[in-house]
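Listed below are the residues making up each chain.
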Amino acid sequence: AFIINGSLNAKGRTLIFENGAYLTGTGTIDSLTIQASDYDKIADTTLTFTNLKSATGYITAHNIGAKGDGVTDDSRFITNLIDITKGSATYAKLAVGDYYINGNIILQSNSKLLGESIEKTRLLFKEGNKIINNVTVQNVDIGNFTYIMHQGGSSSNGIQLNSSDTSYNENITLHDIDMQMHRRGEMAIFLNNVRNGKLTNISVDSSEN
């Protein structure tokens, strides 16, 4: 592990991660480009990244600590991944795996969260958790995964975009998602005050509403 404290400007630098090397500490790293496999951990969530880029064009949840083993709670890693990739040319990727979710996944403006494919990336949501926005968002693209309402799932929608009566979520794209609700939870997809939304290739087996 390489410890980074304070601020580091890495503009023009590419770090190649091999043999289990990763970054840790409590510092801020700006304008770093990384090169790593989909499953190499490259950093702890205690670090702050700005303008983070990747040689592959994406950063995976595994790169910042997710396991994708169907047992470990990966929700905070996915939310953090969305945060560090928002507004950049580097998107958030969920590589092949089963991601157990025991906390809400928080969407942000100018973010893209894509799985490997419907067949290869699965999100297993524990009761009461969902994909949601905390504030009004714009320019969001999510897809290429299977959503499974795992365990109870009572009183929770699957994917929920909400806003006040005076603001709109804009330019929202949901695509290539298999919603396996198993008659649990509330609504598979709940959209409130969305302008310029596009849903493509969405399947829902059943939901409570």
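Residue numbers here run from 1 along each chain, matching the order of that chain's written sequence. Per-residue local features of the predicted model are confined to residues with pLDDT of at least 70, and side-chain atom pairs are confined, for both listing and counting, to 80 or more; whole-chain, interface and lining totals are unaffected and use all residues. Each side-chain value is derived from all of the structure's non-hydrogen atoms; neither hydrogens nor water enter the calculation.

Comments concerning the overall build of the protein chain
Here comes step 1: Helix and strand labels come from DSSP, where a helix needs a run of H or I of at least four residues and a strand needs a run of E of at least two; each type is numbered from the N terminus. A count of helical and extended segments in the protein chain gives 1 helix and 21 strands.
Here comes step 2: The C-alpha atoms of the protein chain give 17 Å as radius of gyration, which agrees with the globular expectation for 209 residues (17 Å, within 12%).
Here comes step 3: Per-residue accessibility, obtained with a 1.4 Å probe over protein chains only, is compared with the maximum for each type, and a residue is labelled buried under 20%, exposed over 50%, and partly exposed between these values. For the protein chain, buried positions account for 49% of its 209 residues.
Here comes step 4: The long-range fraction of contacts in the protein chain, counting pairs at least 24 apart against all pairs at least 6 apart in sequence, stands at 60%. Computation of the radius of gyration draws on C-alpha atoms alone. For the globule rule, the value is 2.2 Å times the number of residues to the power 0.38. Contact definition: two residues touch when any of their heavy atoms are within 4.5 Å.

Brief notes about the side chain of Ser-109
Here comes step 1: With respect to the element layout, Ser-109 can be found in the loop between β13 (105–107) and β14 (111–115).
Here comes step 2: Contacts described as polar in this section are N or O atom pairs within 3.5 Å, which, within protein, must combine one atom able to donate a hydrogen with one able to accept it, while residues neighboring in sequence count only if both atoms come from side chains. A polar atom in the side chain of Ser-109 sits 3.0 Å from the backbone nitrogen of Gln-138.

Focus on the packing of aromatic side chains
Here comes step 1: We call Phe, Tyr and Trp rings a pair once their centres come within 6.5 Å, taking the six-membered ring for Trp, and we label the pair stacked below 30 degrees between planes, edge-to-face above 60, and tilted otherwise. Inspection of every chain in the model, using the stated rule, returns 2 aromatic pairs.
Here comes step 2: Ring plane angle 45° and centroid distance 5.6 Å describe the contact between Tyr-58 and Tyr-91, whose orientation is recorded as tilted. Taken together, the residues Tyr-58 in strand β9 (residues 58–60) and Tyr-91 in strand β11 (residues 91–94) connect sequence positions 33 residues apart.
Here comes step 3: Note on Phe-125 and Tyr-147: the rings are 4.2 Å apart at their centroids and 10° apart in plane angle, and the pair reads as stacked. Taken as a pair, Phe-125 in strand β15 (residues 121–125) and Tyr-147 in strand β17 (residues 138–149) lie far apart in primary sequence, 22 residues in all.
Here comes step 4: Consider the ring centre and the ring normal. A charge sits over the ring if Lys NZ or Arg CZ is within 6 Å of that centre and within 35 degrees of that normal. Between the NZ or CZ atom of Lys-41 and the centre of the ring of Tyr-22, over which it lies, the distance is 4.6 Å.
Here comes step 5: For Lys-112, the ring lying beneath its charged end belongs to Tyr-91, and the centroid distance is 5.8 Å.

Some remarks on helix α1 (residues 75–85)
Since the α-helix turns once every 3.6 residues, residues separated by three or four places project in the same direction.
Here comes step 1: α1 sits mainly inside the fold: 9 of its 11 residues count as buried.
Here comes step 2: Turning to α1, its buried residues number three or more, namely Ser-75, Phe-77, Ile-78, Thr-79, Asn-80, Leu-81, Ile-82, Ile-84 and Thr-85.
Here comes step 3: Gly-87 sits one or two positions beyond α1 and adopts a positive phi of about 70°.

Here we look at the pattern of salt bridges
Here comes step 1: The term salt bridge refers to a pairing of a side-chain nitrogen on Lys or Arg with a carboxyl oxygen on Asp or Glu at a separation within 4 Å. Scanning the entire structure with this criterion turns up 6 salt bridges.
Here comes step 2: A salt bridge links Lys-41 to Asp-44; the shortest N-O distance between them is 2.6 Å.
Here comes step 3: The partly exposed category is assigned to Lys-41, whose relative accessible area is 34%.
Here comes step 4: A salt bridge links Lys-86 to Asp-83; its shortest N-O distance comes to 3.2 Å.
Here comes step 5: A cluster of three or more residues bridged by salt bridges with shared partners is formed by Asp-38, Lys-93 and Glu-116.

Regarding the environment of Tyr-58
Here comes step 1: Judged by its relative accessible area of 15%, Tyr-58 falls in the buried class.
Here comes step 2: On a C-alpha basis, the gap between Tyr-58 and Asn-201 in space is 23 Å, while along the polypeptide they are 143 residues apart.
Here comes step 3: Leave out the neighbours within four places in its chain, and Tyr-58 touches Asp-38, Thr-90, Tyr-91 and Lys-93.
Here comes step 4: In terms of polar contacts, Tyr-58 uses its side chain to reach the side chain of Asp-38, at 2.8 Å.

Concerning the pairing of β14
Here comes step 1: Extensive coverage of β14 is indicated by the burial of 4 of its 5 residues.
Here comes step 2: We treat two strands as partners when DSSP finds at least two bridges between them. In this sheet, β14 lies alongside β11 in parallel orientation, the contact comprising 3 bridges. Note on β14: the bridge partner recorded for Lys-93 is Leu-114.

Some thoughts on the sheet that holds strand β6 (residues 33–35)
Here comes step 1: Strand order across the open sheet formed by 3 strands is β3-β6-β8, with parallel pairing between neighbours. Pairing within the sheet leaves two strands with one partner each, and these edge strands are β3 (14–16) and β8 (53–54).
Here comes step 2: For β3 and β6, the ladder comprises 3 bridges, and the chain directions are parallel. Pairing of Leu-15 across the sheet is with Ile-34, part of β6.

Here we look at the environment of Asp-40
Here comes step 1: Locating Asp-40 in the fold gives a position in the loop between β6 and β7 (48–50).
Here comes step 2: Looking at Asp-40, the relative accessible area reads 27%, which means it is partly exposed.
Here comes step 3: Between the C-alpha atoms of Asp-40 and Ser-167, which are 127 residues apart in sequence, the distance is 40 Å.
Here comes step 4: Excluding residues within four positions of it along the chain, Asp-40 makes contact with Phe-17, His-62 and Asn-63.

So far we have only geometry, and geometry alone does not tell us how the molecule works.
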